[in-house]
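Residue-level structural notes
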Amino acid sequence: MSSFALGELNTLRSFAARRLANPHGQQLVHYLDGVDWAEALKDRPLAPWDMSLGFHTPYWSSFTEEQRLALNHWTYAMMYFRIGDGERFVVCSNRVVADLVESQERDLAGLLRLETDEEIDHIKAFGRVFSSVQQRHGFVAAKMPVKPLRPFIVNDRFIRLLVGAFGADFVVTYYFGRGLVNHMGKAFETKVATLDGGSPALAKLSMLHTVDENRHMAVSRMMAACAYELLHRRRNRSALYEAANHVMQKAVLRYTFSDRITTGQERAMSHAMVPQMKTLAGIERQTLTACIDAHFDGVTGIEHAKNAFMPKFNQRLMERACLSGDEKRMWFDVLNGLQRNLEFFPKGWRPGDGLVTEAFDDEGPSALAS
């Protein structure tokens, strides 16, 4: 096994020991208990204006300020709903992987369970804000569209089945994919946390969330790099197993990153919820429908933010992941083929072209020192 993978594992072990010696606890719900954050929902944007649903469409100029505010709040609610949905999968997966490594790596198992506690705290905190946005604008989220087969997939039993079948191969796939998703979420949330003219209380909530997620990003990167060293075994080499592993990786890729599924869910959520918003009652349904479709047919403000932020971080993540060269090229080609608008990697770069050498604040010393 490579000295690089062993070095990443040793860094991960040190990081786990430091975090467990000084855990920060479940901080977001506690934070909300101590600030007046709900007042901001009356008249403040929650996300940058250019991320609002409809901002880049011809319909935006015809909307009133109050209607624009409602569409801005919807974007915030939609994105944190999707982030929370992803965090539910992390809760299940971390539990299973913690059980897998418990006997040999107690601190690492403890770190993954600490992450799980943090994710549960995040879900509760942003769920509280989501409910207030829902009440403010009058939409009923009981039938919010979700990805296909979601109850089956976000399930400890299903993930244990994958771990039992693929072992370290699934662990690498999961943490590499999680790292890519971490970067997508960070691109959105950094803009929310530094928003001028919004709610200082809710901006700080997002900033506190990024503190936890910076550490989770670092864990994703290190786990993706050292999983085979950590688990002391590589994949089975039979042709049948290799074929099954290839199918598993592609299935994870398509389910997690397909534009048809992800943007399709956001479009379906918007069509289901936005017409219910009482602030938008004065807009004809046909106009709202056309605005929603025009928004998702184009390049959204959130996609612009992702494309500006994530390519170099994804390059770093991929170059250091303990996938084979063929697997990296497969991930690269499938990721690019699944998307209309997102640019996952730097233009002109392909796996194997060289490592990223510059420092990265969000996954570097500031994250690992925590």
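Scroll up to find the structure this text is about.
What counts and what doesn't
Residues numbered from 1 in each chain as written. Predicted model: local features only at pLDDT ≥ 70, side-chain atom pairs only at ≥ 80, totals over all residues. Heavy atoms only, no water. Helix = DSSP H or I, 4+ residues; strand = E, 2+ residues; numbered from the N terminus. Expected span 1.5 Å × (residues − 1). Buried < 20%, exposed > 50% of the residue type's maximum accessible area, 1.4 Å probe, protein only. Contact = heavy atoms within 4.5 Å. Salt bridge = Lys/Arg side-chain N within 4 Å of Asp/Glu carboxyl O.

Further remarks concern helix 3 (residues 65–101). A rise of 1.5 Å per residue sets the reference length of helix 3, with its 37 residues, at 54 Å; its end C-alpha atoms lie 53 Å apart and thus fit the reference within 8%. Extensive coverage of helix 3 is indicated by the burial of 28 of its 37 residues.

Okay, the environment of Ile159 next. Mapped onto the elements of the fold, Ile159 is located in helix 6 (residues 156–166). The class for Ile159 is buried, based on a relative accessible area of 0%. Taking the C-alpha atoms as reference points, Ile159 and Phe170, 11 residues apart in sequence, are found 9.3 Å from one another. Those residues in contact with Ile159 that sit more than four places away from it in its chain are Phe89, Cys92, Ser93, Val96, Ile153 and Phe170.

In this section: the pattern of salt bridges. A full pass over the atoms with the stated rule returns 20 salt bridges. One salt bridge in this structure joins Asp85 and Arg150, with 3.2 Å as the shortest N-O distance. In this pair, Asp85 sits in helix 3 while Arg150 sits in helix 5 (residues 150–153), placing the two residues 65 residues apart along the sequence. Of the residues examined, Arg150 reaches a relative accessible area of 10% and is grouped as buried. Beyond isolated ion pairs, a larger network of salt bridges with shared partners links Arg19, Glu118, Asp212 and Arg215.

Quick look at the side chain of Thr262 now. Looking at the secondary structure, you find Thr262 in helix 10 (residues 259–273). The residues contacting Thr262, other than those within four sequence positions of it, are Arg82, Lys147, Thr256, Phe257 and Gln339.

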